[in-house]
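# Structure assessment
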Amino acid sequence: MIRRVVTVCLLIVALAGLGAAQAPPRASVPRVDPPRLVVLLVIDQFSGEYPNLYGQQWTHGLARLFSGGATFPLAAFPYADTVTCAGHFTIGTGTLPRTHGMIGDDWYDPATKRLPECTTDPDATSVPFGGGTGTEHHSGRWSMVPSFADELRLQSARLPKILSISLKARSAIGLVGRGGPGTMVIWNEANGTWATSDVYTKTPWPDVDAYVRAHPVAAAYGQTWTRLLPLSSYLFDDDGAGENTPAGWTRTFPHELKSPSGQPDRAFISQWDRSPWIDAYVGEMASALAVKLRLGQEPGTDVLALGFSALDEVGHDFGPRSHEVQDVMARLDVVIGSLLDTLDTSVGAGRYVVAVTADHGVAPIPEQAAALGFNAGRTRSADIRQAAQASLTTLLGEGSFYAGFSEMSLYLTPGTIDLLRAKTGAMEEFKRALAAVPGVARVFGPDELAASTPTEDPMLRAIRNGYFPGRSGDFFVVPKPYWPMAAAGTTHGTPYGYDQRVPVLFYGAGIKAGRYLSAATPADIAPTLAALCGITLAQADGHVLGEALK
Ligand SMILES: [Zn+2]
């Protein structure tokens, strides 16, 4: 009996030993297989209606992305002040301006009594490339939240390489944020100099410096912008009513890049800024640097963020139905096609993911809308300023009460709100005076803007999504639909559909192609990319567009 027990015990021990020797390998935690490279393409003023209206003109990169990607054709910004700075920081962070604080292209600073640009940082010094003269002061210090790129840098096993390029500092900075090790942010100053600031590096990055030296902007001097496609491919008229004429140009093709001085000076740079040459420069510099810096060629995820600005500059002048706008996109289609071809070779097709969107849309040129039967016109910001000053004098007497007006934000000097509140009916009277200005639809005061009580009013909800105390105006003056605040040409920056609706598109690694009619906003891009890369955003107002993920 004892012997049998011992035998059984030995058998058990032997089996246990055998088990240990032949056990299946331990299961490891399944890992997210991240894309090697995240490519973020933001086309300034790329209206949500353009793919449907002009998509048949695209046969290269834009065609490949829209036909092979996951598109969200109903996507729109959910806030009111639809401008460049707010849009890029929303895309870069996955939060709304009420959270990231970059509420507009500028806001009133009571200390200096000025309206500095959103990226203005007196402590930041320009670091120019290619021997240019840098004079501007930019950083992302006023953004209140980390970007997707910042979070990637914090949470990656290997330090990612992050490269962001745009004509505009607010675009390049907005897409990747405040910066850190391995992060290169490049923009073009108003004088045409390619630059970064000492917030990002103390000395010019040698690869960027070498590229800019080998590719001077002045090489475009004397070039002529003509249509890329046959004339019959363009919709509408070249000579449209209400178009603006940039200095040295007419309302119709061709457009020459030159200056009265005969030199590549500021007048030439102003034309270059609003020509397809700037988009081509950004695309070609991005392709060259992506290869040189070996973006996406090692395990882990790198980031390439590009802001294409020509469409915005051209759209403001010539409007969304112009041949110029159509031509900028036809040429950008080629630029993006070439960039994708480069990445197919350097990173590998299917190993990178692309996100495409815009920072805002655009209003039709009011004269053209009026000709089609719309109640359309121009709201003059000078009228709003004068009405505010006159009303304040009537209500409060002579004094310094008016501070500034920008985008839809009207600012009063410190203490003036209390004076209006203290005088019976004064607040309502002031709002009535602003609402009486031709082209003004509605006026919102400090109590409505700052209140935390929920509202059923969709316009007030949109304004509050972009409301940031201490930066937003004391009053919001909203123009009527189709009454843009532009003296000539057109603009954006309102809570109306044509300004809010933009494409949102994903393409490539981990993406399930299709047309998704679910509600989406550009604030969903960063959370969706974070999910693809297996990282966490500390704060997000957007959500993961899971239907587009494999
Ligand atoms: Zn813009």
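See above for the structure.
Residues numbered from 1 in each chain as written. Predicted model: local features only at pLDDT ≥ 70, side-chain atom pairs only at ≥ 80, totals over all residues. Heavy atoms only, no water.

## Section: the overall build of the chain
Across its full length, the chain carries 20 helices and 16 strands. In terms of overall dimensions, the chain is globule-like: its C-alpha atoms have a radius of gyration of 27 Å, near the 24 Å expected for 550 residues. Once the C-alpha set of the chain is aligned to its principal axes, its extents read approximately 110 × 60 × 50 Å. Accessible surface computed for the chain: about 22500 Å², of which carbon and sulfur atoms make up 56%. One finds the centroid of the 44 positive side-chain charges in the chain at a distance of 8 Å from the centroid of its 53 negative side-chain charges. (Helix = DSSP H or I, 4+ residues; strand = E, 2+ residues; numbered from the N terminus. Rg over C-alpha atoms; globule rule 2.2 N^0.38 Å. Areas by Shrake-Rupley, 256 points an atom, 1.4 Å probe, with all protein chains shown as cover. Lys, Arg positive; Asp, Glu negative; His and termini not counted. Charge placed at Lys NZ, Arg CZ, Asp CG, Glu CD.)

## Describing the sheet that holds strand β13 (residues 440-444)
The strand order across the open sheet built from four strands is β11-β12-β14-β13, with neighbouring strands paired in antiparallel fashion. For this open sheet the edge positions go to β11 (402-406) and β13, each flanked by a neighbour on one side alone. For this sheet, the mean angle separating the axes of adjacent strands, direction not counted, is 20 degrees. Bridge count between β11 and strand β12 (residues 409-412): four bridges; the pairing is antiparallel. Its bridge partner lying in β12, Phe 405 is registered against Leu 410. Running at roughly 155 degrees to β13, helix α16 (residues 426-435) makes contact with β12, β13 and β14 (475-479) of the sheet. (Pairing = 2+ DSSP bridges. Axes fitted to C-alpha atoms, helices over the stretch in contact; angles between N-to-C directions. Contact = heavy atoms within 4.5 Å.)

## A word on the packing of helix α3 (residues 61-68) against helix α12 (residues 323-348)
To describe two helices that pack against each other, one gives the angle between their axes and the distance between the axes. Where α3 contacts α12, the axes come no closer than 6 Å and their chain directions differ by 75 degrees. In terms of their interaxial angle, α3 and α12 are classed as roughly perpendicular. Where α3 abuts α12, its residues Gly 61, Leu 62, Ala 63, Arg 64 and Leu 65 lie against Met 329, Asp 333, Ile 336, Gly 337, Leu 340, Asp 341 and Asp 344. Partitioned by chemical class, the residues of the contact of α3 with α12 number six nonpolar, two polar and four charged. (Parallel < 35°, antiparallel > 145°, perpendicular 65-115°, else oblique. Nonpolar A, V, L, I, M, F, W, Y, C, P; charged D, E, K, R; others polar.)

## Some remarks on the coordination of the zinc ion
Looking at the metal site, the zinc ion is ligated by Asp 44 (OD), Thr 84 (OG1), Asp 359 (OD) and His 360 (NE2), spaced 2.0 to 2.2 Å from it. Positions of the donor residues of the zinc ion, expressed as sequence spacing, correspond to D-x39-T-x274-D-H. With a gap of 275 residues between them, Thr 84 in helix α4 (residues 84-93) and Asp 359 in the loop between β10 (352-357) and α13 (366-371) connect regions that are remote in the sequence. Judged on exposure class, the residue Thr 84 and its partner Asp 359 are both buried. (Donors = N, O, S within 2.8 Å, 3.2 Å for Na, K, Ca; no water. Buried < 20%, exposed > 50% of the residue type's maximum accessible area, 1.4 Å probe, protein only.)

## So, helix α11 (residues 310-318)
Across the nine residues that make up α11, a large majority, eight, are buried. Every buried residue belonging to α11 is among Ala 310, Leu 311, Asp 312, Glu 313, Val 314, Gly 315, Asp 317 and Phe 318, and all of these are buried. Within two residues after α11, Gly 319 carries a phi angle of roughly 85 degrees, on the positive side.

## Things to note about the pairing of strand β9 (residues 302-308)
Most of β9 is tucked away, with seven of its seven residues classed as buried. Along β9, one buried face is formed by Asp 302, Leu 304, Leu 306 and Phe 308 and the opposite face, lined by Val 303, Ala 305 and Gly 307, is buried too. Two elements, strand β1 (residues 37-43) and β9, share seven bridges in a ladder whose sense is parallel. Following the sheet pairing, Val 38 is matched in β9 by Val 303. Bridge analysis of strand β4 (residues 162-166) against β9 gives five bridges, and the strand direction is parallel. Looking at β9, one finds that Ser 166 is bridged to Gly 307.

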